[in-house]
Amino acid sequence: MTDTPILIAGAGAIGSILGGMLHEAGHDVTLLGRRAHMDAIARNGIKLSGLLGNRTVAGMKLADDPARLGGRFGLILCAVKSYDTESIADALADRLTDDGVVVSMQNGLGNIESLIERFGRRRVLGARVIFGAEIPAPGSPHVTVFAQPVAIGPAPAIHREDAPALAERARAIAAMLDAAGVPTVGLADIMPVLWAKILYNVALNPLGALLQQNYGALAADPDVRPIMDRAIDEAFAVARAVGVAIPFSNADEYRKVFYEQLIPPTVSHRPTMLHDLHVRGRTDIGALNGKIVELADRLGVDAETNRMLTRLIRAAERITKKTEKKENW
């Protein structure tokens with residue numbers, strides 16, 4: 001993986017951090033992102049700050065449209081929102097080399113499957129990204145929270161006989177990112193840690209977006225905490241029904257870790273869903289709580305709290321879009 005051209009597809013906050021760190025480490029990196037952000041990087045380099053260190057990195061190739069990309073890539077790190085997975089996969093179908101690999105660095109469930117539909121099982125890996133970042137100004141991504149190392153690996157239940165070879169590739173990519181200064185590990189099965197992150201996200205993201213509160217405030221509120229607990233219970237039951245080897249014996253054990261170990265280092269963090277709701281009018285709720293509901297309905301498992309949170313976010317999306325229309329009259 002050392003010499004292969006790398007594409008960051010969706011160079012927002014997380015993608016820009018990964019791309020900047022890799023380029024500074026000597027890799028050939030292209031960023032694909034929004035025009036204002038790309039223009040700022042073209043003028044002044046990418047100004048990285050926060051928990052992974054402060055630096056300015058220049059010289060990366062930049063594009064704001066897939067049609068403007070040059071060449072093919074041996075590694076694509078896909079960091080777009082879950083609702084854009086299918087469209088970016090179609091746009092980049094011919095940009096991945098025959099022996100290349102695309103890694104879903106996204107929130108939620110279903111992204112690996114969507115990428116496999118376009119690129120094939122042997123060229124797709126999943127990742128769990130659990131650090132937080134924001135872009136306070138174009139060209140200036142800032143790491144706000146780094147809870148645990150990035151994890152990369154296959155999903156053996158999906159990849160089947162291709163999983164061992166893909167696990168080797170995951171370890172190579174993880175080593176490359178780790179050497180670039182982004183703590184990363186390679187795993188033989190990504191699904192248990194993806195589901196552990198789902199438990200975290202279904203509790204915090206929608207409520208943080210709806211109430212406009214940070215994670216510490218949500219956990220401390222006596223009326224909010226029972227809602228989070230129930231969302232976790234339902235998601236845990238779905239994970240068990242699906243057959244995922246989630247690394248906790250029961251939901252109570254996970255909640256102890258959630259409140260005592262995961263919330264404290266992210267106490268002042270607000271979910272990206274809050275930003276997406278009020279700036280874009282669209283969120284990735286469908287890949288989070290919405291996916292729990294979809295699986296629960298299929299499996300005959302209760303998910304009424306996740307259903308309520310999904311409906312509230314979708315209603316908030318519609319209200320935001322209506323408000324934007326009125327303001328544009």
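Because the structure is predicted, anything quoted here is derived from the model rather than measured.

Mapped onto the secondary structure, Val143 falls in strand 10 (residues 142–146). The spacing of Val143 and Arg230 is 87 residues in sequence and 30 Å in space, taken between C-alpha atoms. Excluding residues within four positions of it along the chain, Val143 makes contact with Ile17, Ser49, Gly50, Leu51, Leu52, Phe131, Gly132 and Ala133.

A few words now on the sheet that holds strand 8 (residues 124–128). The strand order 5-2-1-6-7-8-11-12 describes an open sheet built from 8 strands, whose pairing is mixed. Because the sheet does not close on itself, it has two edges, and the strands there are strand 5 (61–63) and strand 12 (184–186). Within the sheet, the average angular offset between the axes of one strand and its neighbour, ignoring direction, is 20°. Looking at chain direction, strand 7 (residues 96–104) and strand 8 are connected through 3 bridges and run parallel. In the strand pairing of strand 8, Val103 is matched with Leu125. Of the strands in this sheet, strand 2 (29–32) and strand 5 touch helix 2 (residues 35–44), which is tilted by about 155° from strand 5.

Regions of empty space are outlined by a rolling probe, equal in size to a water molecule, passed over the atoms. Counted under the stated rule, the structure contains 2 cavities of 30 Å³ or more. Within this model, the largest cavity holds a volume of roughly 70 Å³. Around the largest cavity sit Ser104, Gln106, Gly108, Leu109, Gly110, Asn111, Ile112, Glu113, Gly126, Ala127, Met191 and Leu194, which together line it. The set of elements that each furnish at least two residues to the lining of the largest cavity consists of helix 4 (111–119), strand 8 and helix 7 (191–211). Here the element with the most residues in the lining of the largest cavity is helix 4; it accounts for 3 residues. Tallied by class, the residues present in the lining of the largest cavity amount to 5 nonpolar, 6 polar and 1 charged. Counted as a void, the second largest cavity has a volume near 30 Å³. Together, Gln106, Asn107, Gly108, Leu194, Lys197, Ile198 and Asn201 line the second largest cavity.

All right, on to the packing of aromatic side chains then. Applying the stated rule across the entire model yields 6 aromatic pairs. Each ring, one from Tyr200 and one from Tyr215, has its centre 5.8 Å from the other, and the planes form 90°; the classification is edge-to-face. Taken together, the positions of Tyr200 in helix 7 and Tyr215 in helix 8 (residues 215–220) put the pair 15 residues apart, joining distant regions of the chain. Each member of the pair, Tyr200 as well as Tyr215, carries the same accessibility label: buried. Judged by centre distance (5.1 Å) and plane angle (80°), the rings of Phe248 and Tyr254 are edge-to-face. Since its relative accessible area comes to 1%, Tyr254 is described here as buried. Joined through ring pairs, the aromatic side chains of Tyr200, Tyr215, Phe248, Tyr254, Phe258 and Tyr259 make up one cluster. A cation over an aromatic ring shows up here: Arg225 above the ring of Tyr259, its NZ or CZ 3.5 Å from the ring centre.

Reading guide: rules and limits
Residues numbered from 1 in each chain as written. Predicted model: local features only at pLDDT ≥ 70, side-chain atom pairs only at ≥ 80, totals over all residues. Heavy atoms only, no water. Helix = DSSP H or I, 4+ residues; strand = E, 2+ residues; numbered from the N terminus. Contact = heavy atoms within 4.5 Å. Pairing = 2+ DSSP bridges. Axes fitted to C-alpha atoms, helices over the stretch in contact; angles between N-to-C directions. 1 Å grid on protein atoms, 1.4 Å probe; cavity = no way out; pocket = protein on both sides within 12 Å on 5 of 7 lines; lining within 4 Å. Points joined across faces, edges and corners; volume = space filled by probe spheres on them. Nonpolar A, V, L, I, M, F, W, Y, C, P; charged D, E, K, R; others polar. Phe/Tyr/Trp six-rings, centres within 6.5 Å; stacked < 30°, edge-to-face > 60°. Buried < 20%, exposed > 50% of the residue type's maximum accessible area, 1.4 Å probe, protein only. Lys NZ or Arg CZ within 6 Å of the ring centre and 35° of its normal.

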